[in-house]
Amino acid sequence: MGCDGGTIPKRHELVKGPKKVEKVDKDAELVALWNYCALSQEILRRPIVACELGRLYNKDAVIEFLLDKSSEKALAKAASHIKNIKHVTELRLSDNPAWEGDKGNTKGDKHDDLQRARFICPVVGLEMNGRHRFCFLRCCGCVFSERALKEIRAEVCHTCGAAFQEEDVIVLNGSKADVDTLRSRMQEKRMRARVGKKTKKPKAAEAVSHPAAGEASEGPSGMNMGKPEASSLDPREKKVGPAPRSAAASGSSSGKAGKPPCGATKRSIAQSEESEAYKSLFTTHSSAKRSKEESAHWVTHTSYCF
């Protein structure tokens, strides 16, 4: 049964005590939060978006998540609160000029500084590596350190100048208390939006129904209920009838100077005062008339064949 050959077991090998709680490396946790997408676990690359709870995502991963209708979608708890693309905000990040990435470590023999971040605060210059608290503005997407917002207090964005309120400030990768506060704020905001939509629908229905009801019921005031349009006309408008023919004729003759009036007698071109060259264009002119010898046989005679 063992223990032969002079082996002496120790107590911790025979008696099993409580398991030790494994501690998570803080540096590794910060790198995972600030350098990788919370949904796809891939390296963050532009365009980068953030949700209302302050988590960072790749925009293409969020779009794929929203378009995905499979059962595996339920397993993505990190983005279960994102229902449409309006629930995320595209971030305007400032690049860190001291960050080289993988360019200086092509051989793999260089130490990777985990505290070196890709992005910095554009106001104070702090690196966005998790050592300092960062936040973004929901209205414009600009990212700042919390220290910059506290030291330079203003009601407009320091980068783009857009006006914002306290509710627009969202902490990135905040603590558990910050996430709970942001979650309650998100739920209140969505509830208000739902109530606003419900109140708009009855108002729109009333606006449509009131004009129809007003036209249908004119009231028992002795008005013609069968023809509401005729009763609504002004009596002056009823008296106005069609214009007399003489007025219409005078108006048409004044508008068209070359056209003679309807009652005028017609004259032939021969009796007109036009030139002989103009009169020769018509068949009633003397040059168009031919003698009997020049005319054709009665069978083949056509007045328009010369």
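Since the model is a prediction, treat every value here as computed from it, not as a measurement.

Our next topic: the overall build of the protein chain. Counting secondary structure elements, the protein chain contains nine helices and eight strands. Burial analysis of the protein chain (306 residues in total) assigns 22% to the buried set. Partitioning the intrachain contacts of the protein chain with sequence separation of at least 6 by distance along the chain shows that 46% fall at a separation of at least 24. With an accessible surface of roughly 24,000 Å², the protein chain has 55% of that area assigned to carbon and sulfur atoms.

Bringing the pattern of salt bridges into the picture now. In the structure shown here, the tally under the stated rule is nine salt bridges. The shortest N-O distance in the salt bridge between Glu-52 and Arg-138 comes to 3.5 Å. In this pair, Glu-52 is assigned in the loop between β1 (48-51) and β2 (56-58) and Arg-138 in the loop between β6 (134-137) and β7 (143-145), connecting sequence segments 86 residues apart. Judged by relative accessible area, Glu-52 falls into the buried class, the value being 7%. Here Asp-178 ties to Arg-133 by a salt bridge, and the two come within 2.9 Å at their closest N and O atoms. Note that Asp-178 is positioned in helix α5 (residues 176-216) and Arg-133 in the loop between β5 (119-120) and β6, a separation of 45 residues in sequence.

The next thing to look at is the sheet that holds β7. Ordered by their spatial adjacency, three strands build an open sheet running β7-β6-β8, and the pairing between neighbours is antiparallel. Two strands lie at the open edges of the sheet, namely β7 and β8 (169-172), each paired on one side alone. Strand-to-strand, the axes of this sheet are offset by a mean angle of 35 degrees, without reference to chain direction. Inspection of the sheet shows β6 paired to β8 by four bridges, in the antiparallel sense.

A separate point is the side chain of Asn-129. By secondary structure assignment, the location of Asn-129 is in the loop between β5 and β6. One polar contact links the side chain of Asn-129 to the main-chain amide nitrogen of Arg-131, over a distance of 3.1 Å. Contact partners of Asn-129, with chain neighbours within four places excluded, come to Leu-30, Trp-34, Gln-115 and Ala-117.

Here the focus is the layout of surface pockets. To find leftover empty space, one rolls a probe the size of a water molecule over the atoms. By volume, the second largest pocket amounts to about 450 Å³. Taken together, 17 residues line the second largest pocket, and the ones lying closest to its centre are Glu-146, Leu-149, Phe-164, Glu-166 and Val-169. Only α4 (146-151), β8 and α5 provide two or more residues apiece to the lining of the second largest pocket. No other element matches the four residues that α5 contributes to the lining of the second largest pocket. By residue class, the composition of the lining of the second largest pocket is seven nonpolar, two polar and eight charged.

A few words now on helix α3 (residues 59-67). Restricting attention to buried positions, one finds in α3 the residues Ala-61, Val-62, Phe-65 and Leu-66. Along α3, the residues classed as buried sweep out an arc of 135 degrees about the axis, all on the same side. The exposed set on the far side of α3, more than 90 degrees from its buried face, consists of Glu-64 and Leu-67. Buried-residue contacts for α3 involve β1, β2 and β3 (88-90).

Bringing the side chain of Glu-52 into the picture now. A distance of 3.1 Å separates the side chain of Glu-52 from the side chain of Arg-190, its partner in a polar contact. In contact with Glu-52, other than residues within four places in its own chain, are His-87, Arg-138, Ile-170, Leu-182, Met-186, Lys-189 and Arg-190.

Here the focus is unusual backbone geometry. A cis amide bond links Arg-46 to the next residue, Pro-47, at an omega of 0 degrees. Following the sequence through the fold, Pro-47 ends up in the loop between α2 (26-35) and β1. You will see that Gln-41, though not glycine, has its phi angle at about 60 degrees, which is positive. Residue placement: Gln-41 occurs in the loop between α2 and β1. Gln-41 sits in the exposed class, given a relative accessible area of 55%. Even without glycine at this site, Asn-173 takes up a positive phi of about 50 degrees. Positionally, Asn-173 belongs in the loop between β8 and α5.

Before going further, it helps to spend a moment on a positive patch on the surface. On the surface, Lys-86, Arg-194, Lys-197, Lys-198, Lys-200 and Lys-201 cluster together into a patch of positive charge. If you trace the backbone, Lys-200 turns up in helix α5. Taking the relative accessible area as the measure of exposure, Lys-200 reaches 61% and is therefore exposed.

What follows concerns the pairing of β1. Judged by which residues are buried, β1 turns out to be covered on both faces: Ile-48 and Ala-50 on one side and Val-49 and Cys-51 on the other are all buried. Relative to β2, β1 is paired through three bridges, and the arrangement is antiparallel. Directly across from Val-49, in β2, lies its bridge partner Tyr-57. Where β1 folds back onto β2 in an antiparallel hairpin, the turn is made up of four residues, including Gly-54, whose phi is positive at roughly 90 degrees. Here three bridges tie β1 to β3, and the two strands are oriented antiparallel to one another. The residue bridging Cys-51 from the neighbouring strand is Val-88, located in β3.

Cut-offs and rules
Residues numbered from 1 in each chain as written. Predicted model: local features only at pLDDT ≥ 70, side-chain atom pairs only at ≥ 80, totals over all residues. Heavy atoms only, no water. Helix = DSSP H or I, 4+ residues; strand = E, 2+ residues; numbered from the N terminus. Buried < 20%, exposed > 50% of the residue type's maximum accessible area, 1.4 Å probe, protein only. Contact = heavy atoms within 4.5 Å. Areas by Shrake-Rupley, 256 points an atom, 1.4 Å probe, with all protein chains shown as cover. Salt bridge = Lys/Arg side-chain N within 4 Å of Asp/Glu carboxyl O. Pairing = 2+ DSSP bridges. Axes fitted to C-alpha atoms, helices over the stretch in contact; angles between N-to-C directions. Polar contact = N/O pair within 3.5 Å; in protein donor to acceptor, adjacent residues only side chain to side chain. 1 Å grid on protein atoms, 1.4 Å probe; cavity = no way out; pocket = protein on both sides within 12 Å on 5 of 7 lines; lining within 4 Å. Points joined across faces, edges and corners; volume = space filled by probe spheres on them. Nonpolar A, V, L, I, M, F, W, Y, C, P; charged D, E, K, R; others polar. Arc of directions from axis to C-beta. Patch = residues over 30% accessible without salt bridge, like charges linked within 9 Å, V, L, I, M, F, W, Y side chains within 5 Å. Lys, Arg positive; Asp, Glu negative; His and termini not counted. Charge placed at Lys NZ, Arg CZ, Asp CG, Glu CD.

Any functional reading would require information that these geometric values do not contain.
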